[in-house]
Amino acid sequence: FAGLATANHLARKVNRREVKITLIEPKEINVYEPEYLIWVFKDKPFSDLARPISKILNKSVNWLKTTATKINPENKIITIENGDEITYDFLVLATGAKMAEDKIEANIKVNNICNFYTKEGVEQLKETIKNFDGGTIVITPTTVPYKCPPAPFEFAFLLDNHLRKKGIRHKSTIKILFPLSRTFTKVELAKNVENLFDKRNIKFVSFFNYDGIEF
Ligand SMILES: Cc1cc2nc3c(=O)[nH]c(=O)nc-3n(C[C@H](O)[C@H](O)[C@H](O)COP(=O)(O)OP(=O)(O)OC[C@H]3O[C@@H](n4cnc5c(N)ncnc54)[C@H](O)[C@@H]3O)c2cc1C
């Protein structure tokens, strides 16, 4: 998303006769990840979150629908999948973050472990929440850095709201296990958010760094 956004932004700023912008991106579809959190609680198809890149990319950007396989920074050359070489003056590297589910020693499908970082993750989360009838839900980013600092807190509030509407909040515990000392680096903001947790009976545990999970 950042690469696409940067390409669009630059395309609007630069003189197109002097500057050539190329996007190297194999995917045809861009999925708007911030909506994942809301989508979990909505009755909407997943396709609502997806947009074809061809529709949102500035027409003046040269889009190579392929993967970069090698970068040679000394000579400013990128090799793409078919072996062709692309030269550049400036490179914006925006290859994103990948989930590393293989690092979790659990069958996440059967152990009620969900995430809001992938299509499969949010689909499973949506289904799990639909069938949830009370109990404890733990939200934990496990470590830093992770995508979107407020996402676990946003999710906790959305979940709280959902469970209240469903009439099962009284038999549900929402716990956030967080590796740092407070929700945000800005003290005032952190205090406000943590006060809201108290009001909503969301348990916030700071400095939580776990050694493992017992399944
Ligand atoms: C639940 C959730 C809520 C969020 N909420 C917010 C929010 O409120 N505000 C906010 O600003 N952000 C938010 N974010 C963060 C933001 O949406 C994502 O972090 C952002 O989309 C990531 O952008 P990215 O460009 O780094 O990675 P990606 O969107 O993953 O893009 C990386 C791209 O690089 C391509 N790529 C990878 N390797 C290669 C290669 N070798 N060759 C060519 N292409 C390659 C991939 O195909 C991919 O399309 C949220 C994220 C999540 C998950």
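What counts, and where the lines are drawn
Residues numbered from 1 in each chain as written. Predicted model: local features only at pLDDT ≥ 70, side-chain atom pairs only at ≥ 80, totals over all residues. Heavy atoms only, no water. Disulfide = S-S within 2.5 Å. Near = heavy atom within 4 Å. Polar contact = N/O pair within 3.5 Å; in protein donor to acceptor, adjacent residues only side chain to side chain. Areas by Shrake-Rupley, 256 points an atom, 1.4 Å probe, with all protein chains shown as cover. Nonpolar A, V, L, I, M, F, W, Y, C, P; charged D, E, K, R; others polar. Axes fitted to C-alpha atoms, helices over the stretch in contact; angles between N-to-C directions. Helix = DSSP H or I, 4+ residues; strand = E, 2+ residues; numbered from the N terminus. Left-handed = near helix turned anticlockwise from the far one by under 90°. Contact = heavy atoms within 4.5 Å. Pairing = 2+ DSSP bridges. Salt bridge = Lys/Arg side-chain N within 4 Å of Asp/Glu carboxyl O. Buried < 20%, exposed > 50% of the residue type's maximum accessible area, 1.4 Å probe, protein only. Expected span 1.5 Å × (residues − 1). Arc of directions from axis to C-beta. Domains from an automatic or database assignment. Buried area = accessible area lost by both parts, 1.4 Å probe.

Engineer: Help me out: how do you make sense of the state of the cysteines in this one?
Structural biologist: Formally, a disulfide is one covalent bond, and it connects the sulfur atom of one cysteine to the sulfur atom of another. Applying the stated criterion to the full structure yields zero disulfides. Free of any disulfide, Cys 148 has its nearest cysteine sulfur in Cys 114, 18 Å distant.

Engineer: Explain the site of the ligand here, please?
Structural biologist: Close to the ligand lie 19 residues, the nearest being Phe 1, Ala 2, Glu 25, Ala 68 and Cys 148. One nitrogen or oxygen atom from the main chain of Ala 2 is found 2.7 Å from an oxygen atom belonging to the ligand. Contact between the ligand and Glu 25: an oxygen atom at 2.5 Å from a side-chain N or O atom of the residue. Here the ligand, which alone exposes 1000 Å², has 70% of that area covered by the protein. Taken together, the residues that form the shell around the ligand break down as eleven nonpolar, four polar and four charged.

Engineer: Help me understand the packing of helix H4 (residues 119-131) against helix H5 (residues 151-166), please; the structure alone is not making it clear to me.
Structural biologist: Look at H4 against H5: their axes get within 11 Å of each other, and the N-to-C directions meet at 35 degrees. Handedness of the H4/H5 crossing: right-handed. For the pair formed by H4 and H5, the contact residues are Leu 125, Ile 129 and Lys 130 on the first element and Phe 155, Leu 159, His 162 and Lys 166 on the second. The residue inventory of the contact of H4 with H5, partitioned by class, reads four nonpolar, one polar and two charged.

Engineer: What is the right way to look at the pairing of strand E9 (residues 172-177) in this model?
Structural biologist: Looking along a regular strand, one sees the side chains alternate between the two faces of the sheet. As judged from the five bridges shared by strand E8 (residues 135-139) and E9, these two strands associate in the parallel manner. Counted as the bridge partner of Ile 137 is Ile 174 from E9. Judged from the four bridges that link them, E9 and strand E10 (residues 202-205) form a sheet pairing that is parallel. Within E10, the position partnered with Lys 175 by the bridge is Lys 203.

Engineer: Please explain the pattern of salt bridges as it appears in this structure.
Structural biologist: Where charged atoms from two side chains of opposite charge come close, those side chains can pair. Considering all chains together, one arrives at ten salt bridges under this definition. A salt bridge links Glu 127 to Lys 130; its shortest N-O distance comes to 3.7 Å. Of this pair, Glu 127 and Lys 130 both sit in helix H4, three residues apart, which is roughly one turn of that helix. As a salt-bridge pair, Lys 191 and Glu 188 come within 3.7 Å of each other at their nearest N and O atoms. Of this pair, Lys 191 and Glu 188 both sit in helix H6 (residues 187-199), three residues apart, which is roughly one turn of the helix. Classification of Glu 188 as exposed rests on a relative accessible area of 54%.

Engineer: What exactly am I supposed to notice about H6 here?
Structural biologist: Since the α-helix packs 3.6 residues into each turn, any two residues three or four apart lie on the same face. The end-to-end C-alpha distance of H6 is 18 Å, a good match for the 18 Å that 13 residues give at a rise of 1.5 Å each. Listing the buried residues of H6 in full gives Ala 190, Val 193 and Phe 197. Summarising the axial view, the buried residues of H6 lie within an arc of 70 degrees, below the 170-degree limit, and thus occupy one face. Facing away from the buried side of H6, by more than 90 degrees, are the exposed residues Glu 188, Asp 198 and Lys 199. In this structure, the buried residues of H6 make contact with H5, E9 and E10. In the segment just after H6, Asn 201 is the residue with positive phi, at about 55 degrees.

Engineer: Explain the domain arrangement of the chain to me, please; I cannot follow it from the model alone.
Structural biologist: A common way to state how big an interface is: give the accessible area lost once the parts meet. You can read the domains of the chain as domain 1 (2-87) and domain 2 (101-205). Across the contact, ten residues belong to domain 1 and 16 residues belong to domain 2. Both sides together, the interface formed by domain 1 and domain 2 hides about 1200 Å², and carbon and sulfur atoms give 76% of it. Area buried by domain 1 at its contact with domain 2 is led by Leu 37, Val 40 and Phe 41, which between them contribute 54% of it. The tally of links from domain 1 across to domain 2 stands at one salt bridge. For the interface between domain 1 and domain 2, the tally reads three residue pairs in polar contact (both at pLDDT 80 or more). In terms of residue class, the side of domain 1 that touches domain 2 is built from seven nonpolar, no polar and three charged.

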